[in-house]
Amino acid sequence: MSLLYPILSFVLPPRTQGSGAESQEVGPAADITPNSGVVFQFGNQPALLVRTPQGELRAFSAICTHLGCTVRYEPESKVIWCPCHNGMFDLHGRNIGGPPPAPLPEYQVNVRDGKVVVSKGA
Amino acid sequence: MSPLTWLEQRVDLQPLRAFIQHKSVPVHRHSQWYYLGGMTLFLFLVQAMTGILLLLYYQPSETLAFESVRFIMTQVRFGWLIRSVHGWCANLLMALAFAHMFSTFFLKSYRKPRELTWLSGMFLLLLMLGFGFSGYLLPWNTLSYFATMVGTNIAGQLPIIGESLVRFLRGGDSVTSSTLTRFFGFHVAILPAVTGIVLGLHLWLIQMQGMSLPPSVEKEFAQRNAAPPAIRFFPGFLLRELMGWYLALGVLAALAALFPWELGVKADPFASAPPNIQPEWYFLYMFETLKYIPARVLGFEGEALGILAFVLGGLLWIAVPFLDRSPTQGRLSRTIRGAGVVVLVYIALMTVISYVR
């Protein structure tokens, strides 16, 4: 036991401090046309910025709550779609089809000086 | 003085000589199934050799893994062939390993006194699956990246140990360069070391206990009060075995040369997953099954229930020698054989459905 414990402890990686990013500038708001979406790097995780057909900007974690694939926005069906197992989320990130068991975490979106800034938390 | 005489003056080869002279293999209507294990072993040796060759150029890092495999395939002489053989051989190896397992199951070769041979064989199959899963990520392409993401997440669905298991596999919270390093370590060091030991045990048990006779053949010859005909292992059986190896090599060479193993597109962890992400074919039946399980079943997460069902099913399969208490007769034995047919048909059906959809 005294031999196994240090070995088992060694093979489990140490926990690191989150992604380090609480807020991130994504790019010019004008570049994101209505009914489109873009996946971007938010800290060390992928995130999705969507401009709804009505022109509203929303951002979500792009990690599917089912098995962790990276989701994308589908302009034709106007849903956020996970290609791995056909999981679907609406434009509020709510799971509406397929196997995902939970909604996508939503991030706050602000436009400052024409640039989109995505932030975690309220 | 011949080299053999020189050696014999230093090492007593008599026990080995006697073993080879006396070892025989029974011949009967099911004898052809005996060759599958040897052919699987041959393909494993091909994997070891081509894997060692690939190691001379492969670089296990997020920035260089894909480029180093591309370098092997485009710049190194016969690099495309070595990699293609490695890729195809992995698949043929799995196919033969499954065929060997099912033939052993249906011929009831797991029965006393060969329970340990079955257990070591099942352990070897799990190790081969581990080789397949860890090796799939190494080229660091889009398909392998997301297949690893999904595969490790599936492992994470297990209750209690799931979270620790997924962090152990990934070397962190997500599939990153740490995962690649870790999978490389599994693929070229840990798994080969463990496989060497278990394979040695498996082969030793087979040599000690000899080939199993199927119950029907055993019964037939018992009624006649006679022993089934046998051929000497050396050279008769060995030469036939070599024909099997030659056939496997022929199929492998043809596949590797005519259908070179593709490299795909470099993984981008911050891009959307492409459609039709799939694991290797030997994981497809599980992958396909999980698609049909609702998100929640009776208040539990469907995914977790599915994984648990597979784990329990696997454990029952491994425990077959201990469940099938009178393997030569009886209702329980027939039920176990029927369950084996159901498992085989289910795996085949779900694999085909996954490809067709």
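Fair warning: this is a prediction, and the values are worked out from it, not measured in the lab. Every chain is numbered independently, its residues counted from 1 as its sequence is written. The order in which chains are written sets their letters, starting at A; the order in which ligands are written sets their numbers, starting at 1. The model is predicted, so local features are restricted to residues of pLDDT at least 70 and side-chain atom pairs to those at 80 or more, both for listing and for counting; the totals for chains, interfaces and linings are taken over all residues. Side-chain numbers here rest on the full set of heavy atoms in the structure, without hydrogens or water.

### Digging into the pattern of salt bridges
Residue and element names in this part refer to chain B. Salt bridges are identified by distance alone: a Lys or Arg side-chain nitrogen within 4 Å of an Asp or Glu carboxyl oxygen. Per the counting criterion, the structure on display carries twelve salt bridges over all chains. Its salt-bridge partner being Arg 17, residue Glu 8 comes within 2.1 Å of it at the nearest N-O pair. Exposure categories follow from relative accessible area, calculated using a 1.4 Å probe and restricted to protein chains: below 20% of the type maximum is buried, above 50% is exposed, and the middle band is partly exposed. A residue is classified by how much of its surface remains accessible, and Glu 8, at 32% relative accessible area, is partly exposed. Each of Arg 29, Glu 220 and Arg 224 takes part in a single network of salt bridges with overlapping partners.

### Looking at the sheet that holds strand S8 (residues 95-97) of chain A
Residue and element names in this part refer to chain A. Reading across the sheet, the four strands line up as S5-S6-S7-S8 and stay open at both edges, with antiparallel pairing between neighbours. The outermost strands of the open sheet, each flanked by one partner alone, are strand S5 (72-74) and S8. Going from strand to strand, the sheet's axes swing by 40° on average, the running direction of each strand aside. The pairing criterion for strands is at least two bridges between them, as found by DSSP. Helix and strand definitions here come from DSSP, where helices need a minimum of 4 consecutive H or I residues and strands a minimum of 2 consecutive E residues; each element is numbered from the N-terminal end. Across three bridges, strand S6 (residues 79-82) lies against strand S7 (residues 87-89) in antiparallel orientation. Paired with Ile 80 across the strands is Phe 89, a residue of S7. Fitted lines through C-alpha atoms give the axes, limited to the stretch in contact for helices. The angle between two N-to-C directions lies from 0 to 180 degrees.

### Overview of the environment of B:Thr335
Residues and elements named next belong to chain B. With respect to the helices, strands and loops of the structure, Thr 335 is situated in helix H15 (residues 331-356). Taking C-alpha positions, Thr 335 is 9.3 Å from Asp 324, a pair spaced eleven residues apart along the chain. Polar contacts, as used here, are pairs of N or O atoms within 3.5 Å; protein pairs need one atom able to donate a hydrogen and one able to accept it. Residues neighboring in sequence count only if both atoms are side-chain atoms. Of the polar contacts made by the side chain of Thr 335, one reaches the backbone oxygen of Arg 331; its length is 2.8 Å.

### Some words on H15(B)
Note that an α-helix has 3.6 residues per turn; residues three or four places apart therefore point the same way. All names here are of chain B. Taking 1.5 Å of rise per residue, the 26 residues of H15 would be expected to cover 38 Å, and the 37 Å separating its terminal C-alpha atoms lies within 8% of that figure. All of the buried residues in H15 are Ser 333, Ile 336, Gly 340, Ile 347, Met 350, Thr 351 and Ser 354. Where H15 is buried, its residues contact helix H5 (79-106), helix H12 (284-292), helix H13 (302-318) and helix H14 (320-323). Expected helix span is given by 1.5 Å per residue-to-residue step, counting one fewer step than there are residues. Pairs of residues are marked as contacts when any of their non-hydrogen atoms sit within 4.5 Å.

### Considerations on the sheet that holds strand S2 (residues 36-42) of chain A
Residues and elements named next belong to chain A. Judged by pairing direction, the sheet is antiparallel, and its six strands sit side by side in the order S1-S10-S9-S4-S3-S2 without closing on themselves. Strand pairing shows two members of the sheet lacking a second neighbour, strand S1 (23-28) and S2, which therefore form its edges. On average, each strand axis in the sheet is tilted by 30° relative to the strand beside it, whichever way the strands run. Looking at chain direction, strand S3 (residues 45-51) and strand S4 (residues 57-61) are connected through five bridges and run antiparallel. When the sheet's bridge partners are listed, Leu 49 is paired in S4 with Ala 59.

### Here we look at empty space enclosed by the protein
Here the idea is plain: a probe the size of a water molecule rolls over the atoms and shows the empty space left. Residue and element names in this part refer to chain B. Cavity means a closed set of points on a 1 Å grid over the protein atoms alone, one where a 1.4 Å probe fits but cannot get out, pocket means an open set with protein on both sides within 12 Å along at least 5 of 7 lines, and lining means a residue has an atom within 4 Å of a point. Grid points are joined across faces, edges and corners, and a volume is the space filled by probe spheres set on the points. All told, the structure shown has one cavity of 30 Å³ or more when counted by the stated rule. Of the volumes computed, that of the largest cavity is approximately 30 Å³. The wall of the largest cavity is formed by Val 25, Pro 26, Val 27, Ser 31, Tyr 34, Tyr 35, Ile 231, Phe 237 and Arg 240. Partitioned by chemical class, the residues of the lining of the largest cavity number seven nonpolar, one polar and one charged. Just so you know the grouping, Ala, Val, Leu, Ile, Met, Phe, Trp, Tyr, Cys and Pro go in nonpolar, Asp, Glu, Lys and Arg go in charged, and all remaining residues, Gly too, go in polar.

### Observations regarding the layout of surface pockets
All names here are of chain B. Reported here for the second largest pocket is a volume of approximately 1,300 Å³. Taken together, 46 residues form the lining of the second largest pocket, with His 86, Gly 87, Gly 135, Tyr 136 and Trp 261 sitting closest to its centre. Elements represented by at least two residues in the lining of the second largest pocket include exactly helix H3 (35-55), helix H4 (65-74), H5, helix H6 (115-137), helix H7 (142-155) and helix H9 (177-209). The element that contributes the greatest number of residues to the lining of the second largest pocket is H5, accounting for eight residues. Class assignment for the residues of the lining of the second largest pocket results in 29 nonpolar, 14 polar and three charged.

On their own, these measurements won't tell you what the molecule is for.
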